[in-house]
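Coordinate inspection notes
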Amino acid sequence: MMWTVAFAWLTGAAFGQTADEIVERARAANQVDRSIQSVTMTIVSKSGSKRIRDLELKSRRDAKTTASYIEVKAPADVAGTKLLSLESPNGKEEQIMKLPSISGVRRISGSNKKGTFLGSDFTYEDLGIRDLADGTHTLAEDEAETWVIETKPNNSAQYGKIRAHITKSDLVARKIELFNKDGEMVKVLEVTETTTQGDVTLPQKTVMRSVKKGRHTVLAVTEQRIEVSDSELPARVFTAEYLER
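All values derive from a computational prediction rather than experimental measurement.

1. Description of the overall build of the protein
Scanning the protein from terminus to terminus reveals 2 helices and 13 strands. The C-alpha atoms of the protein give 17 Å as radius of gyration, which agrees with the globular expectation for 245 residues (18 Å, within 12%). Counting only C-alpha atoms and orienting by the principal axes, one finds that the protein spans roughly 55 × 45 × 30 Å. Sorting the 245 residues of the protein into buried and exposed places 50% on the buried side. For the protein, the accessible area works out to roughly 11500 Å², and carbon and sulfur atoms hold 47% of it. Taken together, the 36 basic and 35 acidic charged side chains of the protein have centroids lying 6 Å from each other.

Structure representation (structure tokens):
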């Protein structure tokens, strides 16, 4: 998902590289096939009041599908809320949600993807599998330590332009500016802390700010395991049947 979240996009000179080449290198540099994370989501209002949610995130990538699973563990009033995002090899994405108070599951599609997840600054589209970097790329700025890539996304329901500030040393998108279809900046995503496991750099703390609303949401990883075994994270976890268990 965009944030799995989370928003990771090799050290090297920019000379001779097109925007498409930079984006492809960034996609490949910090890719993880299987991971399990415990995450604290803190929703901060304009007045400074806070609401905290504890989440478990699971992700899996194989030859056939890319999938993510989010389950809310606390507090009690939203615990048991689950969101499954799937992308098939043909690029089709499906999002399925399970609410603890309602039997069955519901599919999220069309304009519903603009809705906010648990009242946070993340929409369902933000948390989806579909790569918002799919689109037309332009190298807007080539700074000493950072590339700025502007993307006109192909498949976004809500964003008309995305500006990603990618650090050259580790190819992590440290800041992503999100613009609506009218060209107004509506949100800014910033990776404020990272951790390194082997050759992979992973976001540890991420902040999504809603520009006009004056509010933000913080995602902080409290526990993280990558490249877990297939037996620990089997494909059946990422099914509608598992969501309803």
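2. Here's the deal with the pairing of strand β10 (residues 173-179)
Across the 7 residues that make up β10, a large majority, 5, are buried. With 6 bridges joining them, strand β9 (residues 161-167) and β10 adopt antiparallel strand pairing. Within β10, the position partnered with K161 by the bridge is F179. Counted along the chain from β9 to the antiparallel partner β10, the turn is 5 residues long, and its residue L171 has a positive phi close to 55°. In terms of strand pairing, β10 meets strand β11 (residues 185-197) through 5 bridges, oriented antiparallel. Counted as the bridge partner of K175 is E190 from β11. Between β10 and β11, which follow one another and run antiparallel, lie 5 residues, and G183 among them has a positive phi close to 85°.

3. Thoughts on the environment of R61
Along the polypeptide, R61 turns up in strand β2 (residues 50-61). The spacing of R61 and A26 is 35 residues in sequence and 17 Å in space, taken between C-alpha atoms.

4. A closer look at the pattern of salt bridges
All chains considered together, the criterion is met by 21 salt bridges. In this structure, the salt-bridge partner of R107 is E94, at a minimum N-O distance of 2.6 Å. With R107 in strand β6 (residues 106-108) and E94 in strand β5 (residues 93-98), this residue pair connects regions lying 13 residues apart in the sequence. A salt bridge links E177 to K175; the nearest nitrogen and oxygen atoms lie 4.0 Å apart. One network of salt bridges, in which partners are shared, links E56, K58, E71, K73 and R245.

5. Looking at the layout of surface pockets
It is the rolling of a water-molecule-sized probe over the atoms that shows where space remains empty. Counted as a void, the second largest pocket has a volume near 250 Å³. Around the second largest pocket, the lining is made up of 14 residues, and of these T123, V186, K187, S210 and K213 lie nearest the centre. Broken down by class, the residue content of the lining of the second largest pocket amounts to 3 nonpolar, 5 polar and 6 charged.

6. Digging into the side chain of D126
Positionally, D126 belongs in the loop between β6 and β7 (135-142). D126 gets classed as buried once you look at its relative accessible area, which sits at 0%. In terms of polar contacts, D126 uses its side chain to reach the side chain of Y159, at 2.8 Å.

7. What about unusual backbone geometry?
A cis amide bond links A74 with the next residue in sequence, P75, at an omega value of 5°. Note on placement: P75 falls in the loop between β3 (66-74) and β4 (82-87). Of note, L171 is a non-glycine position whose phi angle comes to about 55°, a positive value. Inspection of the secondary structure assignment puts L171 in the loop between β9 and β10. With phi around 50°, E227 is a residue other than glycine that occupies positive phi space. Positionally, E227 belongs in the loop between β13 (215-226) and α2 (240-243).

8. Some points on the nonpolar core
Of all hydrophobic cores here, the largest spans 35 residues; its most connected members are L55, I70, L83, F117, I166 and I176. Elements supplying a minimum of two residues to this core: α1 (19-29), β1 (34-44), β2, β3, β8 (146-153), β9, β10 and β13. Per-element tally for this core: the top contributor is α1, with 5 residues. Formed by 13 residues, the second largest nonpolar core is a distinct cluster that contains L84, I96, V228 and V237.

9. Comments concerning the environment of G91
Inspection of the secondary structure assignment puts G91 in the loop between β4 and β5. For the pair formed by G91 and T65, sequence separation is 26 residues and the distance between their alpha carbons is 9.1 Å.

Calculation rules
Residues numbered from 1 in each chain as written. Predicted model: local features only at pLDDT ≥ 70, side-chain atom pairs only at ≥ 80, totals over all residues. Heavy atoms only, no water. Helix = DSSP H or I, 4+ residues; strand = E, 2+ residues; numbered from the N terminus. Rg over C-alpha atoms; globule rule 2.2 N^0.38 Å. Buried < 20%, exposed > 50% of the residue type's maximum accessible area, 1.4 Å probe, protein only. Areas by Shrake-Rupley, 256 points an atom, 1.4 Å probe, with all protein chains shown as cover. Lys, Arg positive; Asp, Glu negative; His and termini not counted. Charge placed at Lys NZ, Arg CZ, Asp CG, Glu CD. Pairing = 2+ DSSP bridges. Salt bridge = Lys/Arg side-chain N within 4 Å of Asp/Glu carboxyl O. 1 Å grid on protein atoms, 1.4 Å probe; cavity = no way out; pocket = protein on both sides within 12 Å on 5 of 7 lines; lining within 4 Å. Points joined across faces, edges and corners; volume = space filled by probe spheres on them. Nonpolar A, V, L, I, M, F, W, Y, C, P; charged D, E, K, R; others polar. Polar contact = N/O pair within 3.5 Å; in protein donor to acceptor, adjacent residues only side chain to side chain. Core = buried A, V, L, I, M, F, W, Y, C linked by side-chain atoms within 4.5 Å.

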